[in-house]
Amino acid sequence: MPNSVVVKFTKHGSPLTAKDSRADDAVNATFGSNHAGRFVKKLLDSSDKFKAINSKLNEAYNWHKSVTMPYLDNGMRELNCEYLEKYIEKIGTFKVETQGLLLDLKPVWDEEVTKDIEKMAGLGNASDYPQWKEVEFKYSIDVKILPKPQAEDFRCAVDQSIIDELAHMKEQAKIEGRKEIFGKVEKLCNVAIEQCTKDKGKIYDSMLGNMVDQADLIGILNIHNDVELEGMCTSLRTVAESTNTFNLRNDVMVRTALANRCRDFLGRLNSGGFAVEQETTVTPVAETTLVDSLV
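Below is a short write-up of the structure. (Residues numbered from 1 in each chain as written. Predicted model: local features only at pLDDT ≥ 70, side-chain atom pairs only at ≥ 80, totals over all residues. Heavy atoms only, no water.)

**Description of the packing of aromatic side chains**
Aromatic ring pairs are reported here in terms of the distance separating the ring centres and the angle at which the planes meet.
Logical step 1: For the structure on display, the rule yields eight aromatic pairs.
Logical step 2: When the centroid spacing of 5.6 Å and the interplanar angle of 85 degrees are considered together, the rings of F50 and Y139 count as edge-to-face. You can see F50 sitting in helix 2 (residues 48-66) and its partner Y139 sitting in the loop between helix 5 (132-138) and strand 6 (140-147), a full 89 residues away along the chain.
Logical step 3: For Y139, a relative accessible area of 1% translates into the label buried.
Logical step 4: Taken together, the ring pairs connect F50, W109, W132 and Y139 into an aromatic cluster. (Phe/Tyr/Trp six-rings, centres within 6.5 Å; stacked < 30°, edge-to-face > 60°. Helix = DSSP H or I, 4+ residues; strand = E, 2+ residues; numbered from the N terminus. Buried < 20%, exposed > 50% of the residue type's maximum accessible area, 1.4 Å probe, protein only.)

In structure tokens:
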């Protein structure tokens, strides 16, 4: 039985723009050019209420990507079945929050449009803006959840090449998923190395926490039961839990040690996988250790 489902996430709506032929003509007249380009106006770019809606839609999409793995080039992705209930709940929350932001914008829509037209001066044009009834139905989130196709699902005789293509598609999805995870983990480790080695590096509270969160996500994303991803999850957690923020801020040796652990971790990444090694248990350093040593 498949341990994942296919998810299609669609984000309806985007920042508003409008082309302006008058601006095109003005540029061509000024520079003596002929159809050198098109001028695109950003509409309601200073409206905090309108921007909040697009920001929420982007937040929902980015979260969706963070908990799913690539599947098809058309945007479909795979989701761990064990995480499906939480996924549906979270998407429902994003939908409710988006509707709430739309309700906040509704009573001031005409006012926001009027202010934007005034700000645009000679480029302002009321016909560039949609009516509210168009807006309230345009901005939304749609998610479709489908069963993951298997070779056994063919109800008719098919050429072996088709079955082989399905297997190839799944393998490519696995490779692309690995790339996404590797890129995120590599970025976290490089940030830690940079902040721990430069003279006035800032040690943020989130630096170690983000590593732990990513390790948790790898556990959710490992829908292929990939031994190397499982090893990466364990290794990343070991690196993150080897120290704490207090000691990183107060002891250069602790910062150096974390940077070296991150380098060792990255050294186990290669073009196609992660070298799984036997982990050495690291006892987290208590926050009082440094204080006691100075007393």
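**A short note on the nonpolar core**
Logical step 1: The biggest cluster of nonpolar side chains holds 32 residues, and the ones touching the most others in it are M232 and F265.
Logical step 2: Of all elements in the fold, only helix 6 (160-197), helix 7 (206-221), helix 8 (227-240) and helix 10 (252-267) reach the threshold of two or more residues within this core.
Logical step 3: Here this core gets eight residues from one element, more than from any other, and that element is helix 6.
Logical step 4: If you look at the next biggest cluster of nonpolar residues, it comprises 31 residues, including L44, I91, Y129 and V135. (Core = buried A, V, L, I, M, F, W, Y, C linked by side-chain atoms within 4.5 Å.)

**Looking at the packing of helix 8 against helix 10**
Logical step 1: At a closest axis distance of 10 Å, the pairing of helix 8 and helix 10 adopts a crossing angle of 170 degrees. On the basis of the axis angle, helix 8 is roughly antiparallel to helix 10. Where helix 8 abuts helix 10, its residues M232, S235, L236 and V239 lie against L258, R261, C262 and F265. (Axes fitted to C-alpha atoms, helices over the stretch in contact; angles between N-to-C directions. Parallel < 35°, antiparallel > 145°, perpendicular 65-115°, else oblique. Contact = heavy atoms within 4.5 Å.)

**Thoughts on the sheet that holds strand 6**
Logical step 1: One open sheet holds the four strands; their spatial order is 4-5-1-6, and the pairing between them is antiparallel. Of all strands in the sheet, those with a lone pairing partner are strand 4 (69-70) and strand 6, marking the two edges.
Logical step 2: As judged from the four bridges shared by strand 1 (residues 4-12) and strand 5 (residues 77-80), these two strands associate in the antiparallel manner. Residue pairing across strands places S4 opposite N80, the latter belonging to strand 5.
Logical step 3: Packing against the sheet, helix 3 (residues 84-105) makes contact with strand 1, strand 5 and strand 6, and its axis sits at approximately 160 degrees to strand 6. (Pairing = 2+ DSSP bridges.)

**Quick word on the side chain of N80**
Logical step 1: On the secondary structure map, N80 appears in strand 5.
Logical step 2: A residue is classified by how much of its surface remains accessible, and N80, at 11% relative accessible area, is buried.
Logical step 3: Polar side-chain contacts of N80 include one of 3.1 Å to the backbone oxygen of I220.
Logical step 4: Setting aside its immediate chain neighbours within four residues, N80 contacts N3, S4, G219, I220 and I223. (Polar contact = N/O pair within 3.5 Å; in protein donor to acceptor, adjacent residues only side chain to side chain.)

**Some remarks on the pattern of salt bridges**
Logical step 1: Per the counting criterion, the structure on display carries 16 salt bridges.
Logical step 2: Note that E112 and K115 form a salt bridge whose closest N and O atoms lie 3.0 Å from each other. Residue E112 and its partner K115 are both found in helix 4 (residues 109-120); the two are separated by three residues, about one turn of the helix.
Logical step 3: Overall, K115 belongs to the partly exposed group, its relative accessible area being 45%.
Logical step 4: In this structure, R237 and D216 form a salt bridge, with 2.8 Å as the shortest nitrogen-oxygen distance. With a gap of 21 residues between them, R237 in helix 8 and D216 in helix 7 connect regions that are remote in the sequence.
Logical step 5: Look at D216 and you get partly exposed, because its relative accessible area is 37%.
Logical step 6: Several salt bridges converge on common partners, so that one network encompasses D20, R22, K41 and D128. (Salt bridge = Lys/Arg side-chain N within 4 Å of Asp/Glu carboxyl O.)

**Some details on helix 10**
Logical step 1: A rise of 1.5 Å per residue sets the reference length of helix 10, with its 16 residues, at 22 Å; its end C-alpha atoms lie 22 Å apart and thus fit the reference within 8%.
Logical step 2: Taken together, the buried positions of helix 10 are V254, R255, L258, A259, C262, F265 and L266. Each buried residue of helix 10 sits inside an arc of 135 degrees when the element is viewed along its axis, so together they form one side. Exposed residues lying more than 90 degrees from the buried face of helix 10 are M253, D264 and G267.
Logical step 3: Sitting at the head of helix 10, D251 places a side-chain oxygen 2.9 Å from the backbone nitrogen of M253. (Expected span 1.5 Å × (residues − 1). Arc of directions from axis to C-beta.)

Keep in mind these numbers describe shape, not what the thing actually does.
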